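Chain and residue survey
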Amino acid sequence: MKIGAPKEIESGENRVAMTPDSAVQLQKLGYECLIEAGAGANAGFADADYEAAGVTVVKTAASLWKEADIIAKVRIPTSTELKRLTADKTLISFFNPAGNEEGMELAKSKGASVIAMEMVPRISRAQKMDALSSMANIAGYRAVIEAGNNYGRFFTGQITAAGKVPPAKVLVVGAGVAGLAAIGTSTSLGAITYAFDVRPEVAEQVESMGAEFVYLDFEEEQKDGSSSGGYASVSSPEFREAQLAKFRELAPEMDIVITTALIPNREAPKLWLEDMVASMKPGSVIIDLAAERGGNVEGTVKDERVVTDNGVIIVGYTDFPSRMASQASTLYATNIRHMMTDLTPEKDGQVVHNMDDDVIRGATVTHQGEITFPPPPPKVQAIAAQPKKEAPRELTPEERRAQEIAAFKAQTRQQVTLLGIGAVLLLGVGLVAPASFMQHFIVFVLSVFVGFQVIWNVSHSLHTPLMAVTNAISSIIILGALMQIGSGSWLVIILAAVSVFMAGINIFGGFLVTRRMLAMFQKS
């Protein structure tokens, strides 16, 4: 079968659904790859790059839609494009099925299979196909870069010969995928970064990235700020008032504000009001990532850069991923390739549209002349409930003392038994071995015993269990060597001295290494 990527016809869209690298991987799945001439030019991929990767360059979009069995796109297809579908074709693209009923009906009438990339269920197995997260990650990163382009100062603080420069203060509203990407970029550039989200469970993740989480004195509502699908839920009026009050408090201090609060197919909530914009310093920058649905900021104009009367810059661009077309295309094409891997289990270039697969079923909006949207919830394997273990009964002091005495007696019996067996073995060896051998053998046994008692029982907070073993062996060597240093043979004396030296290095070096290891886990 053939898979093709046409050139995006949306004005200003620079991304492409197939890159030379992804085409190589698709060919390994058994597909023949097609690309419309010039489709990747705006993303930095020339036709020659595709040809070098074994991709056939098709001159027109009409020819590509006719030849390809599978069409991979980025933007929501227009009615003109959907009319080119047939019953034997599969379309993979962003589709917005919840807000595109006309498109679904047209695809249904054509009998084509349509896979909406934004409908990939957010489960662990499908993360590699999550195009929404891929694009949101780029949008969050680019939002900070765009803010830096409009902000006339450093992000990081500096001390120069001309004076001290304070770091920028950045507030990120919303700690989803885009928000976290913005937080990571802002902190890496050296800005003092704050973040707010209605879901308090993300606070730990925000703080682990070096930002400060903004808490509200509204504990009751903050306990329940999330909903299914990874998006924040709609807040109560009381919580909203507490939220706005906090933002009014922060607004005069912030140099850059990035808002990311958006739920698909809903108007964006107004979180940064006109009075907050008016209280910000001249030259401050607001990046509104929700501009496509009206914006989180009062004063946002879709796809425009606005400067307010008090000198605050409000950026309402909606094409942040397209502004990084090469990177965005690479990630999106990878998402498509992983989807095709699931659709091609035999790697034979034949699509198997398995509607029993949670990922494929969840992303499919039309199939075999039927609308399959909305999908059922993913099947979750039930986990058998584990029987609760009864909590152990707390022992009385008398019972605890009795247990300790019993354990001590058992340990004593074991030691006496081992000593008895050792004595019998030693006596047996003494009956048959010469006196010179017994002298050395007794020294060896005593060295083992003393070394075990002295070294093995040292707390592992001072050295590791492995170090305890090596130190115990080294102590045996040292004690044995010390006993032999007084020998009359010069060869024995030299060997004993070397043994003491080498074993000493092992013991002292071991403690030095352990000390360094423990220092790695100590707070400075």
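Whatever comes next refers back to the structure up there.
What comes next is a walk through the structure. Here the residue numbering is sequential within each chain, running from 1 through the sequence in written order. Reporting in this predicted model follows two pLDDT cut-offs: at least 70 for local features of residues, and 80 or more for side-chain atom pairs to be given and counted; totals over whole chains, interfaces and linings ignore these cut-offs and use all residues. With hydrogens and water excluded, all non-hydrogen atoms of the structure serve as input to the side-chain values.

1. Details of the sheet that holds strand β4 (residues 70-72)
In short, DSSP must find at least two bridges between two strands for them to pair. Only DSSP runs of H or I with at least four residues qualify as helices, and only runs of E with at least two residues qualify as strands; both kinds are numbered from the N terminus onward. Read from one edge to the other, the open sheet built from eight strands follows the order β3-β2-β1-β4-β5-β6-β16-β17, with strand pairing classed as mixed. Each end of this open sheet is capped by a strand with a single partner; those strands are β3 (56-58) and β17 (370-371).

2. Details of the packing of aromatic side chains
Stacked, tilted and edge-to-face are the three classes applied to pairs of Phe, Tyr and Trp rings, where Trp contributes its six-membered ring and a pair requires centres within 6.5 Å; stacked means planes under 30 degrees apart, edge-to-face means over 60, and tilted covers the rest. One pass over the structure, following the stated rule, counts seven aromatic pairs. Here the aromatic rings of Phe-213 and Tyr-215 are separated by 4.8 Å at their centres, their planes lie at 70°, and the arrangement is edge-to-face. Judged by centre distance (5.5 Å) and plane angle (40°), the rings of Phe-247 and Trp-272 are tilted. In this pair, Phe-247 sits in helix α10 (residues 237-250) while Trp-272 sits in the loop between β12 (256-259) and α11 (274-279), placing the two residues 25 residues apart along the sequence. Here the aromatic residues Phe-196, Phe-247 and Trp-272 are joined through ring pairs into a cluster of three or more. We call a charge positioned over a ring when the NZ of a Lys or the CZ of an Arg lies within 6 Å of the ring centre and within 35 degrees of the ring normal. Lying across the ring of Tyr-317, Arg-323 places its NZ or CZ 3.9 Å from the centre.

3. As for the sheet that holds strand β13 (residues 285-288)
Neighbouring strands of a sheet are bound in pairs by backbone hydrogen bonds; such pairs are parallel or else antiparallel. Taken together, the seven strands give an open sheet; going across it, the order is β11-β10-β9-β12-β13-β15-β14, and neighbouring strands pair in mixed fashion. Strands at the two margins of the open sheet, each flanked by one partner only, are β11 (212-213) and β14 (305-307). Of the strand pairs in this sheet, strand β9 (residues 169-173) and strand β10 (residues 192-196) are connected by five bridges, and their pairing is parallel. Each bridged residue has a counterpart across the sheet, and for Val-170 the counterpart in β10 is Thr-193.

4. Let's talk about a nonpolar patch on the surface
A contiguous nonpolar patch, built from Trp-490, Leu-491, Ile-494, Leu-495, Val-498, Phe-501, Met-502 and Ile-505 and spanning about 870 Å² of accessible area, is present on the exposed surface. Along the polypeptide, Ile-494 turns up in helix α17 (residues 490-520). Patches were defined on residues exceeding 30% relative accessible area and lacking a salt bridge, with like-charge contacts within 9 Å and nonpolar side-chain contacts (Val, Leu, Ile, Met, Phe, Trp, Tyr) within 5 Å. For accessible areas, the Shrake-Rupley method is used with a probe of radius 1.4 Å. Any residue's cover is judged against the shown protein chains and nothing else. Only one rule defines a salt bridge in this text: a Lys or Arg side-chain nitrogen within 4 Å of an Asp or Glu carboxyl oxygen.

5. Brief notes about the side chain of Lys-73
If you trace the backbone, Lys-73 turns up in the loop between β4 and α4 (79-82). Its relative accessible area of 1% is what places Lys-73 among the buried residues. A polar contact of 2.9 Å, which involves the side chain of Lys-73, links it to the side chain of Glu-8. When residues no more than four places from it in sequence are discounted, the contact partners of Lys-73 are Pro-6, Glu-8, Ala-17, Trp-65, Glu-81, Leu-91, Ile-92, Ser-93, Phe-94 and Tyr-332. Only protein chains enter the area calculation, which uses a 1.4 Å probe; residues under 20% of their type maximum are buried, those over 50% are exposed, and those in between are partly exposed. Contacts described as polar in this section are N or O atom pairs within 3.5 Å, which, within protein, must combine one atom able to donate a hydrogen with one able to accept it, while residues neighboring in sequence count only if both atoms come from side chains. Between two residues, a contact is recorded if the distance between any of their heavy atoms is within 4.5 Å.

6. Concerning helix α7 (residues 177-188)
Between its first and last C-alpha, α7 extends 17 Å over 12 residues, near the 16 Å set by a 1.5 Å rise per residue. Where α7 is concerned, the buried positions are Ala-178, Gly-179, Leu-180, Ala-181, Ala-182, Ile-183, Thr-185 and Ser-186. Of the surrounding secondary structure, the elements contacted by the buried residues of α7 are α6 (131-150), β9, β10, α8 (203-208) and β12. Positive phi appears at Gly-190, one or two residues downstream of α7, with a value of about 100°. A helix's residues, less one, multiplied by 1.5 Å, set its expected span.

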